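# Summary of the model geometry
Next come the chains, spelled out residue by residue.
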Amino acid sequence: MSNLIKFKIDGVECMAEAGTYIIEAAKKNGVYIPTLCNMPNLKPKGSCRICTVKINGRLMTSCTTPVADGMEIESTSAEISELRKSIIELLFVSGNHFCPSCEKSGNCELQALGYLYQMMVPRFPFDFPVKGIDASSPKIIKDQNRCILCKRCIKSIKDAEDRSFFAFRGRGNHLEVVLDAELASTMTDAQAEEAMRNCPVGSIIVKEKGFAIPIGKRKFDHNPIGSNVKV
Amino acid sequence: MENIVKQIIDKYGSDSNRLMDILIDIQEEFGYISRKAIELMALTLGISQVDVEQVITFYHFLSVKPRGKYAIYLNNSVVSYMFGRQAIKEAFEKEVGTTFGKVTDDGLIGLFDTACIGMNDQEPAAIINNKVFTRLTPYRVREIVRHMREGRELEELSNESYGDGKNQHPELKAMVSSNIRRKGMILSDDYKTGKVVQSILPEMSPEAVIAEIKHSHIRGRGGAGFPTGFKWEFCRRAKGEKHYVVCNADEGEPGTFKDRVILTEKPELVFEGMAVAGYAIGGEEGILYLRYEYRYMKDYLESVLDKMREQNFLGSKIGEIEGFDFDIRIQFGAGAYVCGEESALLESLEGKRGEPRDKPPFPVEKGYLNFPTIINNVETFATAVRIIEKGGEWFTQFGTEDSTGTKILSISGDCMFPGVYEVNWGFNVEDMLDMVGAYDVQAVQVGGPSGTLIAKDEFHRTLGYSDLSTGGSMIIFGKQRNLLKEVVLNFMEFFIDESCGSCSTCRNMPQVMHNKLLKIINGKGVKKDLTDLKEWGKILLASRCGLGQTAGNPIISSLKNFHHLYEDLIQKDKEFDEGFDLTASVKESCKFVGRVPNFNHH
Ligand SMILES: Cc1cc2nc3c(=O)[nH]c(=O)nc-3n(C[C@H](O)[C@H](O)[C@H](O)COP(=O)(O)O)c2cc1C
Ligand code: SF4
Ligand code: FES
């Protein structure tokens, strides 16, 4: 705790250790910045763009940018909030997200952010892309309709030899996250549970188990996402 | 097969950082990368099979399915269309007997689309098994396909009609023309290779080299325009066991082809520039990252490197300077525009998908294999040699105050003399059009699809970092062109195909905008669509790299500079649309059930 620096988020004085990523530093100061792809303790790859803030007139992702002394960060301005809301809407129209029939409803971070940013009807036309569901592995179902390509499973679920179970396939708007057929057969229950937990949406679902926690008692059913951070 | 794959993996020391080289070799050997080969690679490199596949599926020229004994990649850039691509495409499909995206049943010929291959001055052009075929006509297409069926060698298909200049070099023998139409300090023939490394560097310290580059005020020629001297200085100061020099020869921006010409006609200048940079930053290794489309230059460039090694312009103790050791190797991309972005390029060099990195840190601090690295454009390195030879002060007499020196332009489209022109910065667009013989011009695309589309009222503007900044791509469109349908739509499709897909914004927004543009082109647009496009385009600015940040530019800049084209297309009587056309839907459903709609009820 020797190397403390000062910075501001939306005018509020904050302190953190130099080199901390903005998103973590903000959290420590009771300021919530939304995230969909970031995971504590894993190398960030700013891909969802939802944590975008403005620094010195420039858009930066707070999960990948370390705080610096005297930094002034804009996170709740009308411009940034609108940007985040439009990214949420964009994610909704680019996949097929039918919340009422989804096992993750209430635990889904995308849904929770939709509520937080008061999304009513997306401003963009729905694309209704044709996407598949892979249920061929013993432990999990990978539903591409709901995948937001956050990379969390790719980065976090590895076998004993540090090989990834998940990886990207393709690029651009054909990008998918797929499961290694061979490694999938070695996946443990614990790994499957963890993969499902790490997935911010309902793209990874553990097989033969459903609605263990009933709707109404789930993570975001009573408290909006981010409320655990706020002081 | 197994043995060959093993040999290839061995050749690259079973190093997963060389996965790209391994994959390219396997692709070339077998025409595809089989499941068995993937298994072998995964096993030997200690990674999962999906990890190998995610690299393969990222790159356009790598494939898990056979691409045919002859894989034909026909350029689909806008200029290719302007010069008859449609007829060429049809001729290929008819003669080959299959459609694009497919391989013939006998596995002989595959037909594929591909983004700009850097031949805009000699379209339509295609790449067939790494050889470039330019200025295609339906007759030529029929002949080529016939010869393939007869089992002739690729060499024989070329008709021995080689291009100008070094394209006739025995190691090159390319059908490509350099089309140099104006020479300046880089393309001129008054430089003797090795002069700087052998007779000037021995008198200069690395710091003095950097000072001279800074004094010249040269800025990067790849498009972003970062001051080169500062980049070299940051890198020299960055701590690291090794320092790397990387030359960016990805040249993926549609409409640029000047790096192809520089590498064909003046490769020695580029390599010497890399050596100068190595001396300046204290690096011993240089890598030329060459786009796969220019694979046909491989043997030629290797031969140039060999010759330079023989002359001790590369190797150890260059110019008899103690400790000045520097060598260069060539590594290839495999078809991905985004790999021209410097951090994506580094990922690709490390054998990965070309997904740009988050910045900071910048490559000068953590670059190739996390060592401090400078990445510069082909032209930047070539220019650096002349700066060290003649001095930074000499250099500033060319160009303008904020844009010193010369710039090599790749000019194509509707003009008499497409080709490469080296001009002083500060040249205005009007003069440029007169220089190349372009008449009845409607618009000029400056800087490729990621740049801007300008109209006549801006032709007085000058080329330079503070006015019209450009990496050199200039595409001219005559009055006869339908800008929205032929040009803007094509550019949007380019970005959709080329996004790495990592950012939510860049993966999805260009498609949304493209769909809306299509709606407008189809006469279904309303006024609100125009304001939507303008607003929505801003969301792209939250993307990680320049590709996403500029992916809306074709629409945004045409909306600004050719607003009337949009106004002409939208429905005048409608402010917004209902999103659902009742009449059309009734008509459609009636058609299916065989009824006659009756709209006169009310
Ligand atoms: C999508 C994208 C593609 C790029 N393609 C190229 C390229 O083909 N060649 C190039 O020199 N620079 C390209 N750049 C710019 C590079 O990131 C980088 O700025 C440049 O290589 C630095 O060299 P310079 O300072 O000598 O221009 C590209 C940038 C982006 C965002
Ligand atoms: S902006 Fe596009 S190309 Fe660049 S990193 Fe993001 S998704 Fe990839
Ligand atoms: S949380 Fe920062 S980009 Fe996704």
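Keep in mind that what you see is a predicted model, and the values were worked out from it rather than measured. (Residues numbered from 1 in each chain as written. Chains lettered and ligands numbered in written order. Predicted model: local features only at pLDDT ≥ 70, side-chain atom pairs only at ≥ 80, totals over all residues. Heavy atoms only, no water.)

Regarding its fold elements, chain B presents 25 helices and 14 strands. Computed over the C-alpha atoms, the radius of gyration of chain B is 25 Å, within 12% of the 25 Å expected from 2.2 N^0.38 for a compact globule of 602 residues. Once the C-alpha set of chain B is aligned to its principal axes, its extents read approximately 95 × 60 × 45 Å. Counting over 602 residues, chain B shows a buried share of 61%. For chain B, the accessible surface area stands at approximately 23,600 Å², while carbon and sulfur atoms represent 49% of it. Computed over 72 positive and 87 negative side-chain charges, the separation of the two mean positions in chain B equals 3 Å. (Helix = DSSP H or I, 4+ residues; strand = E, 2+ residues; numbered from the N terminus. Rg over C-alpha atoms; globule rule 2.2 N^0.38 Å. Buried < 20%, exposed > 50% of the residue type's maximum accessible area, 1.4 Å probe, protein only. Areas by Shrake-Rupley, 256 points an atom, 1.4 Å probe, with all protein chains shown as cover. Lys, Arg positive; Asp, Glu negative; His and termini not counted. Charge placed at Lys NZ, Arg CZ, Asp CG, Glu CD.)

Let us now look at the sheet that holds strand 10 (residues 406-413) of chain B. Residue and element names in this part refer to chain B. Taken together, six strands build an open sheet; the order of strands is 5-11-10-14-12-13 and the sheet is mixed. The sheet terminates laterally at strand 5 (180-182) and strand 13 (452-455), the two strands that pair on one side only. Going across the sheet, the axis of each strand differs from the next one's by a mean of 30°, ignoring polarity. Pairing between strand 12 (residues 441-446) and strand 14 (residues 473-478): five bridges, direction antiparallel. Each residue of the ladder has a partner; that of alanine 443, found in strand 14, is phenylalanine 477. (Pairing = 2+ DSSP bridges. Axes fitted to C-alpha atoms, helices over the stretch in contact; angles between N-to-C directions.)

All names here are of chain B. In the vicinity of ligand 1 lie 19 residues, with Gly222, Asn248, Asn376, Asn377 and Thr380 positioned nearest. At a separation of 3.2 Å, an oxygen atom of ligand 1 approaches a polar backbone atom of arginine 221. A distance of 2.6 Å separates an oxygen atom of ligand 1 from a polar backbone atom of glycine 222. When ligand 1 is considered free in solution it has 600 Å² of accessible area, and contact with the protein chains removes 90% of it. Elements with a contribution of two residues or more to the shell around ligand 1: strand 9 (373-377) and helix 22 (546-550). The element that contributes the greatest number of residues to the shell around ligand 1 is strand 9, accounting for three residues. Split into classes, the residues belonging to the shell around ligand 1 amount to four nonpolar, nine polar and six charged. (Near = heavy atom within 4 Å. Polar contact = N/O pair within 3.5 Å; in protein donor to acceptor, adjacent residues only side chain to side chain. Nonpolar A, V, L, I, M, F, W, Y, C, P; charged D, E, K, R; others polar.)

This brings us to the interface of chain A and chain B. Listed per partner, the contact involves 40 residues of chain A and 42 residues of chain B. Scanning the region where chain A abuts chain B turns up three salt bridges. Of the charged contacts in the structure, one is a salt bridge between B:Glu498 and A:Arg171, with a shortest N-O distance of 3.3 Å. Summed over the shared surface of chain A and chain B, the result is 24 residue pairs in polar contact (both at pLDDT 80 or more). Put simply, the parts of the chain that give the side of chain A that touches chain B at least two residues each are helix 2 (78-94), strand 8 (166-169), strand 9 (176-179) and helix 5 (181-184) of chain A. (Contact = heavy atoms within 4.5 Å. Salt bridge = Lys/Arg side-chain N within 4 Å of Asp/Glu carboxyl O.)

Our focus in this paragraph is the domain arrangement of chain B. Residues and elements named next belong to chain B. Once the domains are mapped, chain B shows domain 1 (2-58), domain 2 (70-161), domain 3 (182-395), domain 4 (406-481) and domain 5 (484-569). Domain 3 puts 22 residues into the contact, and the matching count from domain 4 is 23 residues. Summed over both sides, the interface between domain 3 and domain 4 buries roughly 1,700 Å², with carbon and sulfur atoms accounting for 58% of that surface. Together, Arg182, Arg221 and Phe257 form the three largest contributors to the area buried by domain 3 at its contact with domain 4, with a combined 33%. Taken together, the links from domain 3 to domain 4 amount to one salt bridge. (Domains from an automatic or database assignment. Buried area = accessible area lost by both parts, 1.4 Å probe.)

Once that is clear, we can look at the packing of helix 2 of chain A against helix 3 (residues 109-116) of chain A. Residues and elements named next belong to chain A. Viewed as axis vectors pointing N to C, helix 2 and helix 3 meet at an angle of 135°, and their least axial separation amounts to 10 Å. Comparing the axis directions of helix 2 and helix 3 gives the class oblique. Where helix 2 crosses over helix 3, the two elements pack in a sense that is left-handed. Between helix 2, through Ile88, Leu91 and Phe92, and helix 3, the contact on the second element is made entirely by Leu110, Gln111, Leu113 and Gly114. (Parallel < 35°, antiparallel > 145°, perpendicular 65-115°, else oblique. Left-handed = near helix turned anticlockwise from the far one by under 90°.)

A few words now on the packing of aromatic side chains. Residues and elements named next belong to chain B. Within the structure shown, the criterion is met by 17 aromatic pairs over all chains. Centre to centre, the rings of phenylalanine 58 and tyrosine 59 are 5.0 Å apart; their planes meet at 70°, and the pair counts as edge-to-face. On the accessibility criterion, phenylalanine 58 (1% relative accessible area) is buried. A relative accessible area of 2% means that tyrosine 59 is categorised as buried. Pairing tyrosine 337 with phenylalanine 494 gives two aromatic rings, centres 4.8 Å apart and planes at 55°, and the pair type is tilted. Taken as a pair, tyrosine 337 in the loop between strand 8 (327-332) and helix 15 (342-349) and phenylalanine 494 in helix 19 (residues 483-498) lie far apart in primary sequence, 157 residues in all. Just as tyrosine 337 is buried, phenylalanine 494 falls in that class too. Clustering of aromatic rings is evident, with ring pairs tying together Phe61, Tyr73, Phe112, Tyr292 and Phe332. It is arginine 85 that lies over the ring of phenylalanine 100; its NZ or CZ is 5.8 Å from the centre. (Phe/Tyr/Trp six-rings, centres within 6.5 Å; stacked < 30°, edge-to-face > 60°. Lys NZ or Arg CZ within 6 Å of the ring centre and 35° of its normal.)

In the region of ligand 2, 13 residues are neighbours, and B:Cys500, B:Cys503, B:Cys506, B:Cys545 and B:Gly548 sit closest. Of the residues belonging to the shell around ligand 2, the class tally is seven nonpolar, five polar and one charged.

On to the domain arrangement of chain A, then. Residue and element names in this part refer to chain A. By the assigned domains, chain A splits into domain 1 (4-76) and domain 2 (85-208). Each of domain 1 and domain 2 has a C-alpha centre, and these two points are 25 Å apart. With 15 residues of domain 1 at the contact, the number on the domain 2 side is 17 residues. Across the interface of domain 1 and domain 2, roughly 1,200 Å² is buried in total on both sides, 66% from carbon and sulfur atoms. It is Leu36, Met39 and Ile50 in domain 1 that bury the most area against domain 2; as a group they hold 45% of the surface buried on that side. Between domain 1 and domain 2 we count zero salt bridges in total.

Residues and elements named next belong to chain B. Over its 12 residues, helix 2 (residues 19-30) extends 16 Å from the first C-alpha to the last, a length consistent with the 16 Å expected when each residue adds 1.5 Å. Counting buried residues in helix 2 gives nine out of 12 residues, a clear majority hidden from the surface. When helix 2 is considered as a whole, its buried residues turn out to be Leu19, Met20, Asp21, Ile22, Leu23, Ile24, Asp25, Ile26 and Gln27. Following helix 2 by one or two positions, glycine 31 has its phi on the positive side, about 80°. (Expected span 1.5 Å × (residues − 1).)

Let's shift gears to a nonpolar patch on the surface. A cluster of nonpolar side chains, namely A:Phe98, A:Phe126 and A:Phe128, defines an oily patch on the protein surface of about 340 Å² accessible area. The residue A:Phe128 is located in the loop between helix 3 and strand 6 (133-134) in this model. (Patch = residues over 30% accessible without salt bridge, like charges linked within 9 Å, V, L, I, M, F, W, Y side chains within 5 Å.)

Turning our attention to the pairing of strand 13 of chain B. Residues and elements named next belong to chain B. Examined bridge by bridge, strand 12 and strand 13 share four bridges and lie antiparallel to one another. When the bridges of strand 13 are listed, valine 446 appears paired with threonine 452. Between strand 12 and strand 13, which follow one another and run antiparallel, lie five residues, and glycine 447 among them has a positive phi close to 85°.

Remember that side chains alternate between the two faces of the sheet whenever the strand is regular. Residues and elements named next belong to chain A. The pairing of strand 3 (residues 52-55) with strand 4 (residues 58-61) spans four bridges and is classified as antiparallel. Of the residues in strand 4, the one forming a bridge with threonine 52 is threonine 61. The hairpin turn running from strand 3 into strand 4, its antiparallel successor, is two residues long, and asparagine 56 in that turn takes a positive phi close to 55°.

With the rule as written, the count across this model stands at 60 salt bridges over all chains. One salt bridge in this structure joins B:Glu355 and A:Lys151, with 3.0 Å as the shortest N-O distance. With one member in each of two chains, B:Glu355 in the loop between helix 15 and strand 9 and A:Lys151 in the loop between strand 7 (140-143) and helix 4 (152-156) form a pair that bridges those chains. For the pair formed by B:Glu355 and A:Lys151, the shared burial category is buried. B:Arg295 is the salt-bridge partner of B:Glu28, the closest N and O atoms lying 2.9 Å from each other.

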